[in-house]
Amino acid sequence: MKDYDVVVIGAGHAGCEAAYASARLGVSTALVTINLSEIGKMPCNPAIGGPGKSQIVREIDALGGMMGQITDQSTLNIRVLNTSKGRAMQVRRAQADRDAYKLHWKTTLENTDNLDLIEGMVDRIVVSDHHVKGVRLREGLEIRTSAVIVATGTFLNGEVLIGNLVYPAGRTGEPPSIGLAKSLHDLGLRMSRLKTGTTPRVNKRSIDTSKLERQHTSDIPLGFSFWREQRVLPDEFPVYVSYTNEDTHAIIRNNLSLTPNFNGLITSEGPRHCPSLEAKIVKFPERSSHKVFLEPEGRDSAEVYLQGIYTAFPPDIQDRIVHSIVGLEHAQIERYGYDIQYDYIDPTQLSPTLSVNGIDGLFLAGQVNGTTGYEEAAGQGLIAGVNAARMVRSISPFVISRGEAFIGVMIDDLVTKGVTEPYRMLPSRAEYRITLREGNADLRLAKVGHEIGLLDDRHYEQAMKRKKAIERLLSHLKNERIGSRHPLNLVLAERGTPALTDNGASLYELLRRPPVHLSDLISADGYPEDVLSEVEIGAKYSGYLEQQEREIERLQRMEKLIIPEAIDYSTLESLSIEGRDLLSRVRPRTFGQASRIPGVAQADLSMLAIILRQ
């Protein structure tokens, strides 16, 4: 076959973003996948966004990736979550049309310059003298390349489990990748097993929604991409909410021996923040109910996804569980839930560029690194795609820090701390989460995306226009002062906040008061909503933001202290044996990364700092 600069293995969310980024940066790229009809497939719930995940989608969009735009083209229902919290913590979540999402990804990739799509299964990565040389397909073809991105999801030695049934599969109905798993093992990579699961799907015509809570789509314009017009969707595809009950829980407790989660068939760890229903019942015996979200799968599909009922019970038990829930008494199950176990690579063997230490040209992205979630996979895919293209073109690698983006937090956590369970991005993992909001991702990252060549001029100028509008409004608020006789004192009294004294105050100082809103101080005419929102958040959280800016500056100073790649920790006798072992295992790129390795003592860090300065 023809040679390529970059070969991407797998066309899930990681593979799609990786292939798009690589090709967009001007290098010849091949995307190899088992089934071209399943590009961009959502094998789990048909939803994008939520806490920690919405931020990643918006960051991908700001850098020039496609997940936000593809989601907006496919959205059925979109809502703002965390509305009981401050505006800085609110995020969006969309229900996507599963088939439309796949179609838009396939169309996008088919029309991307420098990118070829190839249907086939890679069973070997060819490496010589620690350099990637190509890949070999099961079908007998060989592709020469100098960079490979492995984005295989759950396919490496995957096996599906339902009740006592176990069979090889990458996903239900698709074969696992056995040869590639062996190839990676033969390269000396440390590998282990994780598991995840999915829920039953039911036919919407068999659901009684009359007793269920209805979650409407947003009545204000919403979307994920900064570059597409925000819009209000017709309220035609609501999400409904029901609950498990004591009957449900009794069925589960009485049949635990029939589920692989408790009969010994599953030996690997599953996602702690998205456990199976049976695990929730056992772990929280005091709970009398758990929420079940009935999520639409598509405009032309009658399937409804039962979010919250992740289970691998045999089909007859799944029937009983579903029929015990209000609204689902007569529901027809079209697809039964299942669990899947698969191989993953210990991500501490990776650099922050997502390249494998010691093998030039090999990159890993997505669930193969121990993560879970479409958004986490897509964020890694973009970074791997950019760095594979930059390596081919002999350009310095692109590293995004935990002070710049949720994507940076995720990758730093993976390569520094590793995983013991499927990693999910949570806001609590980001120490600078108030600074790294979903609403300011373009202000943080559009310049970076433009500099690396992924974000085009038009979108970059759009982000800079918004940034300047925010700066102008902030300048006006800070420079406009009012005194004790100003009519706004009446508004302050209505808001229950102290009136102004003769010394007066700036409008910005007034906006920092919790009860006061920007609309109390100025006319919103002429200002876009996203500008007004960012200005108000910036004022309300100014104290926290200023503190986090100082902490980020300190982090950046630590990251500038580079650790030489060739350093031999075994010779540093001033470090403890444990410290030398941990540092040798992770091989941190900077002193900042070394300081975050679990188990490395402060005394070892102090000695390492002295050694680096010497």
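Keep in mind the model is a prediction, meaning the values are calculated, not measured.

1. Here we look at the overall build of the protein chain
- Scanning the protein chain for helices and strands turns up 20 helices and 23 strands.
- Computed over C-alpha atoms, the radius of gyration of the protein chain comes to 26 Å, within 12% of the 25 Å expected from 2.2 N^0.38 for 614 residues, which places it in the range of a compact globule.
- In terms of its C-alpha atoms, the protein chain occupies a principal-axis envelope of roughly 80 × 70 × 50 Å.
- Split into buried and exposed, the 614 residues of the protein chain put 58% on the buried side.
- Restricting to contacts in the protein chain with at least 6 residues of sequence separation, those with at least 24 account for 73%.
- On the protein chain, roughly 25,800 Å² of surface is accessible, and the fraction owed to carbon and sulfur atoms is 48%.
- When the 72 basic and 78 acidic side-chain charges of the protein chain are each reduced to a single mean position, those positions are 3 Å apart.

2. Notes on the environment of methionine 42
- Looking at where methionine 42 falls in the secondary structure, it is placed in the loop between β2 (29-33) and β3 (47-49).
- Taking the C-alpha atoms as reference points, methionine 42 and histidine 517, separated by 475 residues in sequence, lie 40 Å from one another.
- Once residues within four sequence positions are removed from consideration, methionine 42 is found in contact with His13, Ala47, Ile48, Ala96, Arg98, Tyr101, Arg201 and Tyr374.

3. Some remarks on the nonpolar core
- Of all hydrophobic cores here, the largest spans 111 residues; its most connected members are Val150 and Ile407.
- Here this core takes 9 residues from helix α9 (residues 374-392), the largest share from any one element.
- Of all hydrophobic cores here, the second largest spans 22 residues; its members include Ile251, Val292, Val304 and Ile333.

4. Observations concerning the pattern of salt bridges
- The full count for this structure, using the stated rule, is 39 salt bridges.
- Between aspartate 123 and arginine 136 there is a salt bridge, with the nearest N and O atoms lying 3.3 Å from each other. Here arginine 136 lies in strand β8 (residues 131-137) and aspartate 123 lies in strand β7 (residues 122-128), a separation of 13 residues in the sequence.
- According to the relative accessible area criterion, aspartate 123 is buried, its value standing at 18%.

5. Details of the packing of aromatic side chains
- Taken as a whole and assessed by the stated rule, the structure comprises 2 aromatic pairs.
- Ring centres 5.9 Å apart and planes at 55° place the aromatic pair phenylalanine 226 and tryptophan 227 in the tilted group. Each member of the pair, phenylalanine 226 as well as tryptophan 227, is classed as buried.
- One cation-aromatic arrangement involves arginine 58 over phenylalanine 226; the distance from NZ or CZ to the ring centre is 3.9 Å.
- One residue, arginine 429, lies across the ring of tyrosine 423, its end atom 4.2 Å from the ring centre.

6. As for the packing of helix α2 (residues 53-63) against helix α11 (residues 441-452)
- For the pair α2 and α11, interaxial distance at closest approach is 7 Å and the crossing angle is 35°. Judged by the sense of rotation from one axis to the other, the crossing of α2 with α11 is right-handed. Only Ala441, Asp442, Arg444, Leu445, Ala446, Val448 and Gly449 of α11 make contact with α2, whose side of the interface consists of Arg58, Glu59, Ala62 and Leu63.
- Of the residues assigned to the contact of α2 with α11, the class counts are 6 nonpolar, 1 polar and 4 charged.

7. Considering the sheet that holds strand β19 (residues 333-335)
- Pairing is antiparallel in the open sheet, where 6 strands are placed in the order β15-β16-β17-β18-β14-β19. With one partner strand each, in any of the chains shown, β15 (213-215) and β19 form the two edges of the open sheet. Pairwise comparison of adjacent strand axes, ignoring direction, gives a mean angle of 35° for this sheet.
- Relative to β19, strand β14 (residues 201-203) is paired through 2 bridges, and the arrangement is antiparallel. Pairing of valine 202 across the sheet is with isoleucine 333, part of β19.

8. Things to note about the pairing of β7
- The pairing of β7 with β8 spans 6 bridges and is classified as antiparallel. Directly across from serine 128, in β8, lies its bridge partner histidine 131.
- Taken together, β7 and the strand that follows it, β8, pair antiparallel across an intervening segment of 2 residues, in which aspartate 129 is found at a positive phi of about 55°.

9. A look at the state of the cysteines
- In the structure shown here, the tally under the stated rule is 0 disulfides.
- Considering cysteine sulfurs only, cysteine 44 is the nearest to cysteine 16, which forms no disulfide, with 17 Å between them.
- Taking the relative accessible area as the measure of exposure, cysteine 16 reaches 0% and is therefore buried.
- Its sulfur unpaired, cysteine 274 is 6.3 Å from the next cysteine sulfur, which belongs to cysteine 44.

10. Quick notes on helix α10 (residues 406-417)
- For α10, which comprises 12 residues, the first-to-last C-alpha distance of 16 Å matches the rise-based estimate of 16 Å (1.5 Å per residue) to within 8%.
- Of all the positions in α10, only Phe406, Ile407, Gly408, Val409, Met410, Ile411, Asp412, Asp413, Leu414, Val415 and Thr416 are classed as buried.
- Among the structural elements, α2, α9, α18 (577-586) and α19 (591-595) are those in contact with the buried residues of α10.
- Just downstream of α10 lies glycine 418, where phi reads positive at about 75°.

11. Overview of α18
- Of the positions making up α18, those classed as buried are Gly579, Arg580, Leu582, Leu583 and Val586. Buried positions in α18, seen along its axis, are confined to an arc of 165° and lie on one side of it. The exposed residues of α18 that point more than 90 degrees off its buried face are Ile577, Glu578 and Asp581.
- Considering only its buried residues, α18 is in contact with α10, α19 and α20 (602-613).
- Downstream of α18 by a residue or two, arginine 587 has a phi angle that is positive, lying close to 50°.

12. Some points on the side chain of serine 183
- Positionally, serine 183 belongs in helix α5 (residues 178-186).
- Under the relative-accessibility criterion, serine 183 is labelled buried at 8%.
- With residues up to four places along the chain from it excluded, the contact list for serine 183 reads Asp123, Arg124 and Ile125.

13. A word on the sheet that holds strand β21 (residues 362-364)
- Strand order in the open sheet formed by 5 strands is β6-β2-β1-β10-β21, with parallel pairing between adjacent strands. Each of the sheet's edge strands pairs with one partner strand only, and the pair in question is β6 (115-119) and β21. For this sheet, the mean inter-axis angle between neighbouring strands, taken without regard to orientation, is 20°.
- Taken together, the 3 bridges between strand β10 (residues 147-150) and β21 define a ladder with parallel strand orientation. Counterpart to isoleucine 149 in the pairing with β21 is phenylalanine 363.

What counts as what
Residues numbered from 1 in each chain as written. Predicted model: local features only at pLDDT ≥ 70, side-chain atom pairs only at ≥ 80, totals over all residues. Heavy atoms only, no water. Helix = DSSP H or I, 4+ residues; strand = E, 2+ residues; numbered from the N terminus. Rg over C-alpha atoms; globule rule 2.2 N^0.38 Å. Buried < 20%, exposed > 50% of the residue type's maximum accessible area, 1.4 Å probe, protein only. Contact = heavy atoms within 4.5 Å. Areas by Shrake-Rupley, 256 points an atom, 1.4 Å probe, with all protein chains shown as cover. Lys, Arg positive; Asp, Glu negative; His and termini not counted. Charge placed at Lys NZ, Arg CZ, Asp CG, Glu CD. Core = buried A, V, L, I, M, F, W, Y, C linked by side-chain atoms within 4.5 Å. Salt bridge = Lys/Arg side-chain N within 4 Å of Asp/Glu carboxyl O. Phe/Tyr/Trp six-rings, centres within 6.5 Å; stacked < 30°, edge-to-face > 60°. Lys NZ or Arg CZ within 6 Å of the ring centre and 35° of its normal. Axes fitted to C-alpha atoms, helices over the stretch in contact; angles between N-to-C directions. Left-handed = near helix turned anticlockwise from the far one by under 90°. Nonpolar A, V, L, I, M, F, W, Y, C, P; charged D, E, K, R; others polar. Pairing = 2+ DSSP bridges. Disulfide = S-S within 2.5 Å. Expected span 1.5 Å × (residues − 1). Arc of directions from axis to C-beta.

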